[in-house]
Amino acid sequence: MNKTEFINKLEKKLKYISKEDREDAICFYKEYVEDMGLDDNEDVTSKIGNPSQIAAGIIAESTEKEIENNKNDKKLKTSTKILLLVLIAVFSIPVLIPLGIMLIVLILTLLFVAFIFICVSISTLVSAFVISGIGQKLVCLGVSFLMLSISLLIIFAIYGLVILFVKLIIKLVKKNSKKGEE
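Because the structure is a prediction, the values reported are computed rather than measured.

About the thresholds
- Residues numbered from 1 in each chain as written.
- Predicted model: local features only at pLDDT ≥ 70, side-chain atom pairs only at ≥ 80, totals over all residues.
- Heavy atoms only, no water.
- Salt bridge = Lys/Arg side-chain N within 4 Å of Asp/Glu carboxyl O.
- Helix = DSSP H or I, 4+ residues; strand = E, 2+ residues; numbered from the N terminus.
- Buried < 20%, exposed > 50% of the residue type's maximum accessible area, 1.4 Å probe, protein only.
- Contact = heavy atoms within 4.5 Å.

Peer 1: Sorry, what's going on with the pattern of salt bridges here?
Peer 2: Side chains that carry opposite charge are capable of pairing whenever their charged atoms lie near each other. One pass over the structure, following the stated rule, counts three salt bridges. In this structure, the salt-bridge partner of Lys65 is Glu20, at a minimum N-O distance of 3.9 Å. Here the residue Lys65 occupies a position in helix 3 (residues 51-130), and Glu20 occupies one in helix 2 (residues 19-36), the gap between them amounting to 45 residues. Taking the relative accessible area as the measure of exposure, Lys65 reaches 36% and is therefore partly exposed. For Lys65, the salt bridge identified is with Asp21, shortest N-O distance 2.8 Å. One end of the pair, Lys65, is in helix 3; the other, Asp21, is in helix 2, with 44 residues separating them in the sequence. A relative accessible area of 10% means that Asp21 is categorised as buried. Several salt bridges share partner residues, and in doing so they unite Glu20, Asp21 and Lys65 into one network.

Structure follows, in structure tokens:
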């Protein structure tokens, strides 16, 4: 097999690798054959080897190179995702801090209101025993139970609100952890 046939056969065998790797390999073997000083009719395969075997080695090297590049790309994509999450977290802090403070203030306010209703309920219950007259005692007892029920409703609303926000936070954390794993 002469130089031209060898290069043509090698080029056909390397058609499935990247253009850059193929051109580098062909250029290398053209120069290698030229440096050997063989004329156009001499058998190249006896000096260099079979173009199919050489192509197999080049394809293996090219494949390893592509695998390494893909690993580096995956690491880069993961690093980019982490960077984006950090940036989102940093830029959302000006919004999240006031929302968190507002939520805490809302819960504390509702607890204070519930406490006030309980105090009013207790004071009207005590006044029911001090006041003379059955009608006023019944009104005081009714107001006392009404205030107590309102305070219990507020406490249950606070409990539901806290549970809702905890579930929401857990859901967001799970969602972000699944995205991070991908």
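Peer 1: I keep staring at the environment of Leu110 and nothing clicks. Help me out?
Peer 2: With respect to the helices and strands, Leu110 occurs in helix 3. Here Leu110 falls in the partly exposed class, since its relative accessible area comes to 26%. Distance from Leu110 to Ser151, taken between C-alpha atoms, is 9.2 Å for residues 41 residues apart in sequence. Setting aside anything within four residues of it in sequence, one finds Leu110 in contact with Ile154 and Ile158.

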